[in-house]
Amino acid sequence: MKKGILLALLCLALFNCYAQQGVYNVLSFKAINNGKALTTAQLQKAINTCAANGGGMVYVPKGDYLTGTLNLRSNVDFHMETGARLIATTDLKQYQKHNSELAGVFYTEKAHNVSITGNGTIFGQGMKMMYIDSAKVIGDKSDTRQKDNFRKVASGNGDGPFYPKDRFHQMVIFSECTKVNLKDFTCIDAPYWTFLVVHCDDVIVDGLRIENNLNIPNSDGLDVISSSNVNISNCYFSCGDDAIVLAGYAWHWGDPGFKRIMKRSENINVNNCILRSRSSGIRIGGWDQNNMYNYNFNNITIFDSNRGINLGIGDYGSMENINFTNINIQTRLHTGDWWGEGDPIKITAMRGMPTGKVGTIKNVTFTNVFCRSENCINMYASEESKLENIFFINLQMEFVKSALEETVGGNLDLRPNTVPHKEIFARDIPAIYVENGRNILFNQVVVSWDKNIDKKHYTNAIEAIKVDNLRLTGVKGSAAPSNPDMADVLLNSCKDFYTDSKLTVKKIGDEK
């Protein structure tokens, strides 16, 4: 009896010591770590107590903690030790609704100096929110080369994606926060976007690991939206949708965290990351109302992806000053209803909304980039916009034959947009394609083709349409092996073209 009392007093003394030092062990708040009993209230009490006492660390020891939505507070570090795992409950009544959708495991807004750290795990249980007996397929295939056979799978689900059941949306959300730190932990199996950082300033993401099931639709990795002064480094993301998204949305169809705040998104750096995606490894833009400036990417590897780097404008927001350096990209054709068609780099400015002007893409530089891909580098602007000052310096583009050529190859995918017959459509495929641009430079570029490419729809090394001031310096390449007599470069209605390279050039249209 006396030993029990002494032990209880010792535990109380240790708790008081930790609390005095600003460390709040969730077990001291009766959190249950068996992974079966819902423990949201106990975890939230630890967070609230820590914040009320001026801040500190909420410490999560080894074990499984079943939870609904938690709200972090200012000056709180939520620290999960190795072996600690937050498990998202499948009971959707345990999640908070913000705007018109459910938030996931964390919803934090208007907090300062807030963090999630440690070597623990957040497990989203996304597969329990999917119908896994069939895959989503493309709706309208009429513009594709294969028609009804486009992306057809002989058996099984191919590359997915599954049909989703009811699910919570973004799993970890920070909205209108400042000084945010996300470090070292792992997220698994998110049923929708894994992270949303929106309307935030001063954010560090370091050593984060995301491993989502590749068949879960919309399971983005990290979405940094309408935020500024962000550094992302040393991360590994494997996702069923875009791995990293930087965008300027003020609103996103009722998703939690969006406040219709009009403020430019700027000064974002991404370094030393490895990315895999069923859609884009890196996506910038979409339906943006806020302008985007000064994004820098360095030492990035993108592999086994449907798209590598995807820059797109569909609303009135614009982007400028985007730099990519030391990038390795490996993409392939996929089946299923994913955006992308094996393109290593896609840049588009075209209408995504029914009304209003379309923004522009300007000042984009790619330096030291290697692509091994099953489709072309794809750059397109509709007549109401323009691609301006796009520079490629030291680029290697290796075009390889796809195992899915018969059912997927020979098409471009410019989605998302609302331009008739410009979503997924059959087209001749050069290695590099650009339409409606100004000041486009290729310097020290090598284009090579797999010798086994035999389809006639694979054509020139470079095709340009309506480009003003196209410069090819130190460029080496040829037409596809399936068209050995075709010109290396095809120019259609271009102006002010220059090359110092030994390339055969064919000019048609209004060339001057």
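Residues numbered from 1 in each chain as written. Predicted model: local features only at pLDDT ≥ 70, side-chain atom pairs only at ≥ 80, totals over all residues. Heavy atoms only, no water.

Notes on unusual backbone geometry
Thought 1: The residue after Gly-160, namely Pro-161, is reached through a cis peptide bond having omega -5°.
Thought 2: Here Pro-161 shows up in the loop between β12 (130-135) and β13 (162-164).
Thought 3: Residue Pro-416 is bonded to the preceding Arg-415 through a cis peptide linkage, with omega at 0°.
Thought 4: Tracing the chain through its elements places Pro-416 in the loop between β33 (411-413) and β34 (424-426).
Thought 5: The backbone of Trp-253 sits at a positive phi, close to 50°, despite the residue not being glycine.
Thought 6: Accessibility expressed as a relative area gives 52% for Trp-253, which makes it exposed. (Helix = DSSP H or I, 4+ residues; strand = E, 2+ residues; numbered from the N terminus. Buried < 20%, exposed > 50% of the residue type's maximum accessible area, 1.4 Å probe, protein only.)

Regarding the pairing of strand β24 (residues 265-277)
Thought 1: Looking at chain direction, strand β21 (residues 228-233) and β24 are connected through four bridges and run parallel. Residue pairing in the sheet places Ile-232 in a bridge with Val-270 of β24.
Thought 2: Here four bridges tie strand β22 (residues 236-239) to β24, and the two strands are oriented parallel to one another. Its bridge partner lying in β24, Ser-238 is registered against Arg-276. (Pairing = 2+ DSSP bridges.)

What to know about the layout of surface pockets
Thought 1: Of the volumes computed, that of the largest pocket is approximately 370 Å³.
Thought 2: For the largest pocket, the lining is made up of 20 residues, of which Asn-218, Asp-220, Asp-241, Arg-283 and Trp-339 are closest to its centre.
Thought 3: Across the lining of the largest pocket, the residue classes tally to 10 nonpolar, three polar and seven charged.
Thought 4: Space inside the second largest pocket adds up to approximately 190 Å³.
Thought 5: Along the walls of the second largest pocket sit 14 residues, with Asp-140, Lys-141, Asp-143, Glu-423 and Ile-424 positioned nearest its centre. (1 Å grid on protein atoms, 1.4 Å probe; cavity = no way out; pocket = protein on both sides within 12 Å on 5 of 7 lines; lining within 4 Å. Points joined across faces, edges and corners; volume = space filled by probe spheres on them. Nonpolar A, V, L, I, M, F, W, Y, C, P; charged D, E, K, R; others polar.)

A closer look at the side chain of Arg-427
Thought 1: As for its position among the elements, Arg-427 is in the loop between β34 and β35 (432-449).
Thought 2: A residue is classified by how much of its surface remains accessible, and Arg-427, at 16% relative accessible area, is buried.
Thought 3: For Arg-427, the contacting residues outside a window of four places in its chain are Arg-145, Gly-410, Asn-411, Leu-412, Tyr-433, His-457, Glu-463 and Ile-465. (Contact = heavy atoms within 4.5 Å.)

Topic: the packing of aromatic side chains
Thought 1: Under the defined criterion, the tally for this structure stands at 12 aromatic pairs.
Thought 2: Each ring, one from Tyr-192 and one from Trp-193, has its centre 5.9 Å from the other, and the planes form 15°; the classification is stacked.
Thought 3: With a relative accessible area of 9%, Tyr-192 lands in the buried category.
Thought 4: For Trp-193, a relative accessible area of 5% corresponds to the buried category.
Thought 5: Geometrically, the ring pair formed by Trp-253 and Trp-287 is edge-to-face, given 4.9 Å between the ring centres and 90° between the ring planes. With a gap of 34 residues between them, Trp-253 in the loop between β23 (244-247) and β24 and Trp-287 in the loop between β25 (280-284) and β26 (292-305) connect regions that are remote in the sequence.
Thought 6: Using a relative accessible area of 15% as the deciding quantity, one classes Trp-287 as buried.
Thought 7: Members of the aromatic cluster, joined through ring pairs, are Phe-297, Phe-324, Phe-366, Phe-392 and Phe-442. (Phe/Tyr/Trp six-rings, centres within 6.5 Å; stacked < 30°, edge-to-face > 60°.)

A closer look at a nonpolar patch on the surface
Thought 1: A contiguous nonpolar surface patch, about 300 Å² in accessible area, is contributed by Tyr-131, Val-137 and Tyr-163.
Thought 2: Its location among the elements puts Tyr-131 in strand β12.
Thought 3: Judged by relative accessible area, Tyr-131 falls into the partly exposed class, the value being 44%. (Patch = residues over 30% accessible without salt bridge, like charges linked within 9 Å, V, L, I, M, F, W, Y side chains within 5 Å. Areas by Shrake-Rupley, 256 points an atom, 1.4 Å probe, with all protein chains shown as cover. Salt bridge = Lys/Arg side-chain N within 4 Å of Asp/Glu carboxyl O.)

With respect to the nonpolar core
Thought 1: Of all hydrophobic cores here, the largest spans 128 residues; its most connected members are Phe-78, Phe-297 and Phe-324.
Thought 2: With eight residues, β35 is the single largest residue contributor to this core.
Thought 3: If we ignore the near neighbours within four places in the chain, the residues touching Phe-297 are Leu-246, Val-270, Ile-282, Ile-284, Ile-322, Asn-323, Phe-324, Thr-325 and Ile-327.
Thought 4: If you look at the next biggest cluster of nonpolar residues, it comprises 13 residues, including Ala-103, Tyr-107, Val-198 and Tyr-249. (Core = buried A, V, L, I, M, F, W, Y, C linked by side-chain atoms within 4.5 Å.)

Digging into the environment of Lys-422
Thought 1: Summarising the element assignment, Lys-422 is placed in the loop between β33 and β34.
Thought 2: The exposure class of Lys-422 is partly exposed, given its relative accessible area of 22%.
Thought 3: Along the sequence, Lys-422 and Asp-304 sit 118 residues apart, while their C-alpha atoms lie 25 Å from each other.
Thought 4: Setting aside residues up to four positions removed in sequence, Lys-422 forms contacts with Met-350, Tyr-380, Leu-414 and Asn-417.

Concerning the side chain of Asn-417
Thought 1: Checked against the element boundaries, Asn-417 lands in the loop between β33 and β34.
Thought 2: In this structure Asn-417 comes out as buried when scored by relative accessible area, which is 7%.
Thought 3: Among the polar contacts made by the side chain of Asn-417, one reaches the main-chain carbonyl oxygen of Leu-414 at a distance of 3.0 Å.
Thought 4: Of note is the side chain of Asn-417, whose polar atom sits 2.8 Å from the backbone oxygen of Lys-422.
Thought 5: Contact partners of Asn-417, with chain neighbours within four places excluded, come to Met-350, Arg-351, Gly-352, Lys-422 and Glu-423. (Polar contact = N/O pair within 3.5 Å; in protein donor to acceptor, adjacent residues only side chain to side chain.)

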